[in-house]
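Descriptive analysis of the structure
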Amino acid sequence: MKIGIIGGGSIGLLLAHYLMKHYEVHVYVRSNKQMNKLLTEGLVFEKEKKMMNEAINVSLFSGWNAEEELTIIAVKQYQLPAVIEKIKSTNTKGKCTFLFLQNGMGHLRLLNELYGHTIVVGTVEHGANKIKDNHIIHTGEGLINLALYQGENESELAELLATPIENFPFVLQKNYNEMLLQKLIVNAVINPLTAVLNINNGLLLENPHYYYLFKEFFNEVSTILDLMDKEKTFRHLENISRKTAENRSSMLKDMDEQRPTEVDAILGFVLNEARKKQLKAPFSESFYHLIKGKEFERGKN
């Protein structure tokens, strides 16, 4: 099976490393600079202080033409509209299966524009840092959860699930909404806290004052989203923080590198749900405006 990966960030390159062992993989990136770096120096993969270098197939996203049976979209949610438009104008026959790996749940409305396509959504529990255009560090192992969103042609999804990849398992979930809600909880609590406090994920558990905020924030978000099993979800949240203890969250990395954050897709969604249900959300509201305030100040400077 041929697999295309749109996005040269930490998750896109992490996927490329593991999937290249079993499939013909091609990565599509936005910048000439990154493309040339990957073509000339290869992909540098690091884990537990061990490094390896491997050749990688890479092109500019502008040249993507839906040749692969499976295309994985691993870009930020605010970058999705351009990708959706490219898919609509390129893949007219609908033969390609698409896997979307975005934080939050705001992207679902965009996926509805892709009528007639087989669409899978997923959540990533791995920790990864991109320290150069061609160098990533796998900082924490986890699962990649998948669920069918629309369509009937599941052959590419079945093939992906049928081939076990060491230290990189894919797991099929029955309900995409429940799966995305579980991930939204993780993003809504860990990302804003670490971004504002400027800390790695593990300190949320180690520092008793941060852990207090961690628990209270979870209680608020889980109430707003009406979670069925709060205790199980909280243990899952703790486990993710523990597994990615040395990792800087995606929102914190966005702040570090002066990129837009996904706070609108994450806490913006939570706040909209709170308004619809007429619930108070002091933690969500405060951290939303703290993040937006940092973005505002950065824009002024």
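Notes on the structure follow. (Residues numbered from 1 in each chain as written. Predicted model: local features only at pLDDT ≥ 70, side-chain atom pairs only at ≥ 80, totals over all residues. Heavy atoms only, no water.)

What the eight strands build is an open sheet, ordered 5-2-1-6-7-8-11-12; its pairing is mixed. Looking at strand neighbours, the two that pair on one side only are strand 5 (58-60) and strand 12 (170-172), the edges of this open sheet. Ignoring which end each strand starts from, the neighbouring axes of this sheet average 25 degrees apart. As judged from the three bridges shared by strand 11 (residues 144-150) and strand 12, these two strands associate in the parallel manner. Within strand 12, the position partnered with Ile144 by the bridge is Phe170. Along the sheet face, helix 1 (residues 10-19) touches strand 1 (2-6), strand 2 (24-29), strand 6 (70-73), strand 8 (118-124), strand 11 and strand 12 and points at about 160 degrees away from the line of strand 1. (Pairing = 2+ DSSP bridges. Helix = DSSP H or I, 4+ residues; strand = E, 2+ residues; numbered from the N terminus. Axes fitted to C-alpha atoms, helices over the stretch in contact; angles between N-to-C directions. Contact = heavy atoms within 4.5 Å.)

Its place among the elements puts Glu273 in helix 11 (residues 263-276). Here the alpha-carbon distance between Glu273 and Val29, two residues 244 residues apart in the chain, equals 34 Å. Once residues lying within four places of it in the same chain are set aside, the contact partners of Glu273 are Ile224 and Leu225.

As a further point, take the pairing of strand 8. Residues in a regular strand point their side chains to alternate faces of the sheet. Taken across its seven residues, strand 8 has seven buried, putting it largely inside the fold. Neither face of strand 8 is exposed, since Thr118, Val120, Gly122 and Val124 on one face and Ile119, Val121 and Thr123 on the opposite face are all buried. Across four bridges, the pairing between strand 7 (residues 97-100) and strand 8 is parallel. By the bridge assignment for strand 8, Leu99 is matched with Val120. For strand 8 and strand 11, the ladder comprises six bridges, and the chain directions are antiparallel. Its bridge partner being in strand 11, Val124 is matched across the sheet by Ile144. (Buried < 20%, exposed > 50% of the residue type's maximum accessible area, 1.4 Å probe, protein only.)

Okay, the packing of helix 8 (residues 208-224) against helix 9 (residues 230-243) next. Their axes nearest at 11 Å, the elements helix 8 and helix 9 cross at an angle of 135 degrees. Viewed along their axes, helix 8 and helix 9 adopt a mutual orientation that is oblique. Considering the relative orientation of helix 8 and helix 9, their crossing is right-handed. Every residue of helix 9 that contacts helix 8 at Tyr211, Phe214, Lys215, Phe218, Ser222 and Thr223 is listed here: Lys230, Thr233, Phe234, Leu237, Glu238 and Ser241. Along the lines of polarity and charge, the residues of the contact of helix 8 with helix 9 split into five nonpolar, four polar and three charged. (Parallel < 35°, antiparallel > 145°, perpendicular 65-115°, else oblique. Left-handed = near helix turned anticlockwise from the far one by under 90°. Nonpolar A, V, L, I, M, F, W, Y, C, P; charged D, E, K, R; others polar.)

Now for the sheet that holds strand 10 (residues 135-140). Spatially, the four strands line up as an open sheet ordered 4-3-10-9, and their pairing is mixed. Two strands lie at the open edges of the sheet, namely strand 4 (50-54) and strand 9 (127-132), each paired on one side alone. This sheet shows a mean twist of 25 degrees between the axes of neighbouring strands, independent of strand direction. When strand 3 (residues 43-47) meets strand 10, the two strands line up parallel, connected through three bridges. By the bridge assignment for strand 10, Phe45 is matched with Ile136.

Our next topic: the packing of aromatic side chains. Within a pair of aromatic rings, the relevant descriptors are the distance that separates the centres and the angle that separates the planes. Counted under the stated rule, the structure contains 12 aromatic pairs. Residues Tyr18 and Phe45 carry aromatic rings whose centres are separated by 5.6 Å and whose planes lie at 85 degrees to one another, so their mutual orientation is edge-to-face. With Tyr18 in helix 1 and Phe45 in strand 3, the pair connects residues that are 27 residues apart, well separated along the chain. When sorted by exposure, Tyr18 lands in the same class as Phe45, which is buried. Ring geometry for Phe218 against Phe234: centres 5.1 Å apart, planes inclined by 50 degrees, an arrangement best described as tilted. Taken together, the residues span a long stretch of sequence, with Phe218 in helix 8 and Phe234 in helix 9 at a distance of 16 residues. (Phe/Tyr/Trp six-rings, centres within 6.5 Å; stacked < 30°, edge-to-face > 60°.)

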